[in-house]
Amino acid sequence: MAMLLCRTGLGRRPSVLIQVAIQRTYASKQSEKGKAKAFVDWRRVRAEGGKGGDGCSAFIREFARPFGGPGGGDGGNGGNIVIEAYKRVKSLAKVKSIYKAENGSPGGNNGCHGKNASHTVIPVPVGTCIKGNGDVIIDLEKDGDAVVVAHGGLGGKGNQFFLSNEDKSPTLATPGEPGETCVLDLELRTIAHAGLVGFPNAGKSTLLRAISRAQPTVAAYPFTTLKPHVGIIQYEDFEQVAVADIPGLIRGAHLNKGLGHSFLRHIERCRFLLFVVDLSVTEPWTQLDDLKYELEIYQSGLSSRPHAVVANKTDLPGASEKLKLLQKHVDMPVMPISAKEGWDVGRVISHIRELYDKDMAQAANQQGEKQNHSQKKTVILEW
Ligand SMILES: Nc1nc2c(ncn2[C@@H]2O[C@H](COP(=O)(O)OP(=O)(O)O)[C@@H](O)[C@H]2O)c(=O)[nH]1
Ligand SMILES: [Mg+2]
């Protein structure tokens, strides 16, 4: 900016043109800020424990102590890498790809030991599954569960350590050990309570925009949304329910067509599903059958997860006749909505709450005993 002012020679006050430029930059920054951020549910992390500090080789030389003996202190231990589950963390978006813990400080003369390095903690959401070489190592199920994934190296010994009757002036000091290194996959067990499942263009992203503050891209061509987006519905009693827009499901997805298995994997990680059917196609009920078929082939039992059916685009001409036919073909209630116009979207919100309450009650029954004896677990891995 300063360069621009100098070149135009306008002194302190920017001209109208420059002011417009300033406003444009500001506007573009704002729109950048408002851009939708995709939900991150998988990360590969390389964790390196800190190196131990080197031991010191030194001799004490003080007033009236000309031969004070060995005085090299030990090095401090390197820091560990710890993965800890926090309730407040919602996704793996802030997890970096490489973590390197601090190194221990080296020992000093006059018997000074080096400082132990502090540990590096990677905060992850509750329900994160840690895998190494494809095998599950541990599930962090509760708030505060932690696991040490890479130990820091031990500090080296100073020459003071080697003092013995046989050797009164040892010069040997050992270097600090290197820390452990590992590559881990972090994966979220559950990405959302409710998953919006439907073929491309059914209106999933539009519906998610209508019921939450999430901003997935909406357009009239398939594969507009390439990553799952999660929106939160906040109810009057402050209960929050997460809803995921899961894109990329097409006929043949179980054969890894389209965006394939990686997207079916997302569906697997929702507690209950909302099938979004497009009323603008000729036979909307075939969509529902195909969706269920794809899910069932991918993983048996997935299609029978608690679910509801939403018929979208009721604002289009001829939608009411198709809706009647759809209701005849489907043996469960269908919620007709227009996500674009916001018609009957409130019904979807209350139905999601019903499904959520049922799911919570069921989960509490199943895990009642387990939760009574729940304790924070801290695990140290052996590599
Ligand atoms: N007429 C109408 N169009 C809709 C409705 N919902 C979505 N659309 C349109 O359908 C197209 C695909 O929507 P989108 O939300 O991107 O579908 P997605 O691929 O399932 O996420 C967009 O052009 C939307 O404007 C609706 O209720 N009525
Ligand atoms: Mg979409």
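Residues numbered from 1 in each chain as written. Chains lettered and ligands numbered in written order. Predicted model: local features only at pLDDT ≥ 70, side-chain atom pairs only at ≥ 80, totals over all residues.

Using the following cut-off: UniProt positions are given in the numbering used here, feature names are shortened, and annotations may be inferred rather than shown by experiment.
The protein chain is annotated in an unreviewed UniProt entry as GTPBP10 protein of Branchiostoma lanceolatum. Quoted verbatim from the Sequence similarities (unreviewed entry) heading of the UniProt record, the comment on the protein chain is "Belongs to the TRAFAC class OBG-HflX-like GTPase superfamily. OBG GTPase family."

1. Details of the overall build of the protein chain
Condition: Secondary structure elements follow DSSP: runs of H or I of four or more residues count as helices, runs of E of two or more count as strands, with numbering from the N terminus. The exposure label follows from counting other C-beta atoms within 10 Å of a residue's C-beta, where the C-beta atoms are placed from the backbone and the thresholds are 20 or more for buried and 12 or fewer for exposed, leaving partly exposed in between. Think of it this way: build a C-beta for each residue from its backbone, and any pair within 7 Å is a contact.
The helix and strand tally for the protein chain stands at seven helices and 15 strands. A buried classification covers 40% of the 383 residues belonging to the protein chain. Taking the intrachain contacts of the protein chain between residues at least 6 apart in sequence as the baseline, contacts between residues at least 24 apart amount to 71%.

2. Side note on the nonpolar core
Test applied: In this usage, the nonpolar core is the set of buried Ala, Val, Leu, Ile, Met, Phe, Trp, Tyr and Cys residues whose C-beta atoms join them within 7 Å. Residue ranges for the domains trace back to a domain assignment, done automatically or taken from a database.
Formed by 68 residues in total, the largest nonpolar core has its most connected members in Val197, Val243, Ala244, Phe275 and Val277. Sort the elements by how many residues they give to this core and strand S12 (residues 270–278) lands first, with six residues. Here this core spans two domains, and each of domain 1 (38–189) and domain 2 (192–362) adds at least three residues to it. Apart from residues lying up to four places away in sequence, Ala244 is in contact with Phe39, Ile191, Ala192, Gly195, Leu196, Pro228, Val230, His266 and Cys270.

3. Description of the pairing of strand S1 (residues 42–48)
Worth spelling out the cut-off: Strand pairing is assigned whenever DSSP detects at least two bridges linking the two strands.
Judged from the seven bridges that link them, S1 and strand S8 (residues 181–188) form a sheet pairing that is antiparallel. Along S8, the bridge assignment pairs Arg46 with Val183.

4. A few points about the site of ligand 1
Just so we agree on the cut-off: Each residue receives a C-beta atom placed from its backbone. It is near a molecule or strand if this atom lies within 6 Å of it.
As a structural note, the neighbourhood of ligand 1 is formed by 20 residues, with Gly203, Ser205, Thr206, Ala220 and Lys340 the closest of them. A total of three residues in the shell around ligand 1 trace back to one element, the largest contributor, which is helix H3 (residues 204–211).

5. Topic: the sheet that holds strand S14 (residues 334–336)
Sheet strands line up and pair through hydrogen bonds in the backbone, either parallel or antiparallel. Test applied: Between N-to-C directions, angles cover 0 to 180 degrees, with each direction set by a line fitted to C-alpha atoms, over the stretch in contact for helices.
Read from one edge to the other, the open sheet built from six strands follows the order S10-S11-S9-S12-S13-S14, with strand pairing classed as mixed. Every other strand in the sheet has two partners, leaving strand S10 (229–234) and S14 as the edge strands with one partner each. Put simply, the sheet's adjacent strands are angled 30° from each other on average, direction ignored. Where S10 and strand S11 (residues 240–245) come together, six bridges link them in antiparallel fashion. Looking across to S11, one finds that Gln234 is bridged to Gln240. With respect to the sheet, H3 is in contact with strand S9 (192–197), S10, S11, S12 and strand S13 (307–312), its orientation differing from that of S11 by roughly 160°. Across the face of the sheet, helix H6 (residues 319–329) comes into contact with S12, S13 and S14 while running at roughly 165° to S14.

6. Quick look at the sheet that holds S8
If you walk across this open sheet you meet the five strands as S3-S1-S8-S5-S6, and the pairing is mixed. Two strands in the sheet have a free side with no partner beyond their single neighbour: strand S3 (98–100) and strand S6 (135–140). Pairs of neighbouring strands in the sheet enclose a mean axial angle of 30°, with direction left out of account. Bridge analysis of S1 against S3 gives three bridges, and the strand direction is parallel.

7. Focus: H6
Side chains three or four residues apart in an α-helix point the same way, a direct result of the helix having 3.6 residues per turn. Inclusion rule: Arc definition: directions from the helix axis to the C-beta atoms.
Listed as buried for H6 are Ala319, Lys322 and Leu326. With its buried residues spanning 65° around the axis, H6 presents them on a single face. Exposed residues on H6 whose side chains face more than 90 degrees from its buried face are Ser320, Glu321, Lys324 and Lys328. For H6, the secondary structure elements touched by its buried residues are S12, helix H5 (284–298), S13 and S14.

8. Examining the environment of Ile267
Its location among the elements puts Ile267 in helix H4 (residues 261–268). Under the C-beta neighbour-count criterion, Ile267 is labelled buried, with 25 such atoms within 10 Å. Residues Ile267 and Thr190, spaced 77 residues apart in sequence, show a C-alpha to C-alpha distance of 9.3 Å.

9. Re the pairing of S11
Taken across its six residues, S11 has five buried, putting it largely inside the fold. Counting the residues in the hairpin turn of S10 and S11 gives five residues, including Phe238, whose phi is positive at 70°.

10. Thoughts on unusual backbone geometry
Of note, the phi angle at Asn110 is positive, near 55°, even though the residue is not glycine. Here Lys313, not a glycine, exhibits a phi torsion of approximately 75°, which is positive. Relative to the helices and strands, Lys313 resides in the loop between S13 and H6. Under the C-beta neighbour-count criterion, Lys313 is labelled buried, with 25 such atoms within 10 Å.

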